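Residues per chain are reported as follows:
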Amino acid sequence: MGEKMAEEEFPNTTHEGFNVTLHTTLVVTTKLVLPTPAKPILPVQTGEQAQQEEQSSGMTIFFSLLVLAICIILVHLLIQYRLHFLPESVAVVSLGILMGAVIKIIEFKKLANWKEEEMFRPNMFFLLLLPPIIFESGYSLHKGNFFQNIGSITLFAVFGTAISAFVVGGGIYFLGQADVISKLNMTDSFAFGSLISAVDPVATIAIFNALHVDPVLNMLVFGESILNDAVSIVLTNTAEGLTRKNMSDVSGWQTFLQALGYFLKMFFGSAALGTLTGLISALVLKHIDLRKTPSLEFGMMIIFAYLPYGLAEGISLSGIMAILFSGIVMSHYTHHNLSPVTQILMQQTLRTVAFLCETCVFAFLGLSIFSFPHKFEISFVIWCIVLVLFGRAVNIFPLSYLLNFFRDHKITPKMMFIMWF
């Protein structure tokens, strides 16, 4: 009946052609009305597999705490016997290397297998260990020295890191073309140069605090190590972006503008996010009176301390910069809205947690020598060290002499030499 009515409406359509059309229409209609499939749910481990994973995680936690306990005893011995010539970070790294060698011998003798427990996962570093270190450094930062030297810090962090990255990246590329070291293409060379030119804030904080260096020198190097995080990310992403297909028709000027825009977004976006979080925490703890319940007050401070890092990383900004500026703002405003008990508790807790995280990083740095399979190429390592030192020298000495024309507190040759390394 339906076919006859349709044939009357479409007299020029054959019976066979109409069936095909009707079939196609039904298929399309059926596809349209089918419900959208739900997103796949990640598999949940149950039973024996979940129990094995729980046991493995328990052993990992036990191993990490055991390493920390041994490192704390080592640091105590260094303080007790006044071995000031040996920095705590160097001693902890050396202890990690020694423990890694012992574990390797045990595994070789097939007495035990701790390979899973001694592995250092990148997510553990970036999400668990790094935030407390950076926040504590911002919270206890001498804000006068930091903002008095903000011009010099920015010059070293932006232009100095860019100079060093181009020197190292260009040197790696041309040495590879000359068959002196392993060949890397232009993109990989400059990406490597950008990553290795950044100063490590964890090592800077640990070593300079242990040696009690000049406050201005400490602020210059530490400030540079924090701010050049954004510069390194921008330079690396720019180098990688040049290989994309849609970048083949983009001119060099457009590439520069894109990199500049990305850097400004990374730099000012991260700083603004951290500052805004710190101001919100000050307002919340000012208008919500939690002073009578220090545990709730302290819990709110811990939440606001970690909040900007997670949000910044989630929206592709610099978590390090966000949590640094959040720490600076919270120490200046939020700290004075806290009860005396929470003020002392916050400072002591941050110092303790930051110390434990730093110790864990350096210990696992030593352990990693034996944890991962390494392919050593002596020529590549030696030339990298030479290029990094040369790039750092081209960065530090000219910019320091230039800045001394505008600075009241001059950067002395001794300070330049320390900054070089």
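Further up the page is the structure itself.
Let me begin by describing the structure that accompanies this report. Please read these numbers as outputs of a predicted model, since none were measured by experiment.

**Quick notes on the overall build of the protein**
Each helix and strand counted, the protein has 17 helices and 0 strands in total. Burial status across the protein gives 41% buried among its 421 residues. For the protein, long-range pairs separated by at least 24 residues make up 77% of all intrachain contacts whose partners lie at least 6 apart in sequence. Entry remark: accessible area of the protein is about 24,600 Å², with carbon and sulfur atoms responsible for 69%.

**Concerning the packing of helix H8 (residues 150-177) against helix H16 (residues 378-403)**
The N-to-C vectors of H8 and H16 enclose an angle of 145 degrees; their axes lie 8 Å apart at closest approach. Where H8 crosses over H16, the two elements pack in a sense that is right-handed. Residues that form the contact of H8 with H16 fall into these classes: 17 nonpolar, 8 polar and 1 charged.

**Considering the state of the cysteines**
Under the criterion given, the structure shown has 0 disulfides. Cys 360 provides the cysteine sulfur closest to Cys 357, a residue in no disulfide bond, and the two sulfurs are 7.2 Å apart.

**A closer look at the nonpolar core**
In terms of nonpolar packing, the biggest core is built from 73 residues, with Phe 135, Tyr 139, Leu 227, Ile 411 and Met 419 touching the most fellow members. The element best represented in this core is helix H11 (residues 215-241), accounting for 11 residues. Not counting the four nearest positions on each side in its chain, Phe 135 is found in contact with Ala 305, Ile 323, Ser 326, Gly 327, Met 330, Met 346 and Leu 350. Ranked by size, the runner-up nonpolar core spans 7 residues in total, among them Ile 172, Leu 175, Cys 384 and Leu 387.

**Comments concerning the pattern of salt bridges**
Counted by the stated rule, this structure contains 3 salt bridges. With a closest N to O distance of 3.9 Å, Asp 179 and Lys 183 form a salt bridge. We note that Asp 179, like Lys 183, is exposed. Between Asp 289 and Arg 291 there is a salt bridge; the shortest N-O distance is 3.2 Å. Classification of Arg 291 as partly exposed rests on a relative accessible area of 35%.

**Overview of helix H13 (residues 294-314)**
Between its first and last C-alpha atoms H13 spans 30 Å; for 21 residues at 1.5 Å apiece the expected length is 30 Å, and the two agree. The largest bend in H13 comes to about 30 degrees, at Tyr 306, with the proline Pro 308 one to four residues further on. Of the residues making up H13, those classed as buried are Glu 297, Phe 298, Met 301, Phe 304, Ala 305, Pro 308, Tyr 309 and Ala 312.

**Side note on the packing of H13 against helix H14 (residues 319-332)**
At their nearest, the axes of H13 and H14 sit 7 Å apart, and the two run at 150 degrees to each other. Compared by their axis directions, H13 and H14 come out roughly antiparallel. Note that H13 runs across H14; the crossing there is right-handed. Listed contacts from H14 to Met 301, Phe 304, Ala 305, Pro 308, Tyr 309, Ala 312 and Glu 313 of H13 are Gly 319, Ile 320, Ala 322, Ile 323, Ser 326 and Met 330. Across the contact of H13 with H14, the residue classes tally to 10 nonpolar, 2 polar and 1 charged.

**Examining the packing of aromatic side chains**
For the structure shown, the criterion picks out 10 aromatic pairs. Ring centres 5.1 Å apart and planes at 90 degrees place the aromatic pair Phe 146 and Phe 147 in the edge-to-face group. When its relative accessible area of 1% is taken as the criterion, Phe 146 is described as buried. Residue class for Phe 147 comes out partly exposed when judged on its relative accessible area of 44%. Between Tyr 306 and Tyr 309, the aromatic rings sit 6.2 Å apart at their centres with planes inclined by 50 degrees, giving tilted as the arrangement. Linking Tyr 306 with Tyr 309, this pair stays in helix H13, spanning 3 residues, or about one helical turn. Exposure remark for Tyr 306: the relative accessible area of 36% places this residue in the partly exposed category. Residue class for Tyr 309 comes out buried when judged on its relative accessible area of 1%. Among the aromatic residues, ring-to-ring pairing joins Phe 397, Phe 417 and Trp 420 into one connected group.

**Topic: the environment of Ile 133**
As for its position among the elements, Ile 133 is in helix H6 (residues 122-139). A residue is classified by how much of its surface remains accessible, and Ile 133, at 0% relative accessible area, is buried.

**Digging into unusual backbone geometry**
Excluding glycine, most residues fall at negative phi; most peptide bonds, likewise, are trans. Positive phi is not limited to glycine here, since Asp 179 has a value of about 60 degrees. Looking at the secondary structure, you find Asp 179 in the loop between H8 and helix H9 (186-196). Asp 179 sits in the exposed class, given a relative accessible area of 59%. In this structure, Ser 316 is a non-glycine residue whose phi angle is positive, near 65 degrees. Mapped onto the elements of the fold, Ser 316 is located in the loop between H13 and H14.

Rules used throughout
- Residues numbered from 1 in each chain as written.
- Predicted model: local features only at pLDDT ≥ 70, side-chain atom pairs only at ≥ 80, totals over all residues.
- Heavy atoms only, no water.
- Helix = DSSP H or I, 4+ residues; strand = E, 2+ residues; numbered from the N terminus.
- Buried < 20%, exposed > 50% of the residue type's maximum accessible area, 1.4 Å probe, protein only.
- Contact = heavy atoms within 4.5 Å.
- Areas by Shrake-Rupley, 256 points an atom, 1.4 Å probe, with all protein chains shown as cover.
- Axes fitted to C-alpha atoms, helices over the stretch in contact; angles between N-to-C directions.
- Left-handed = near helix turned anticlockwise from the far one by under 90°.
- Nonpolar A, V, L, I, M, F, W, Y, C, P; charged D, E, K, R; others polar.
- Disulfide = S-S within 2.5 Å.
- Core = buried A, V, L, I, M, F, W, Y, C linked by side-chain atoms within 4.5 Å.
- Salt bridge = Lys/Arg side-chain N within 4 Å of Asp/Glu carboxyl O.
- Expected span 1.5 Å × (residues − 1).
- Bend = angle between axes of the 7 residues up to and from the residue.
- Parallel < 35°, antiparallel > 145°, perpendicular 65-115°, else oblique.
- Phe/Tyr/Trp six-rings, centres within 6.5 Å; stacked < 30°, edge-to-face > 60°.

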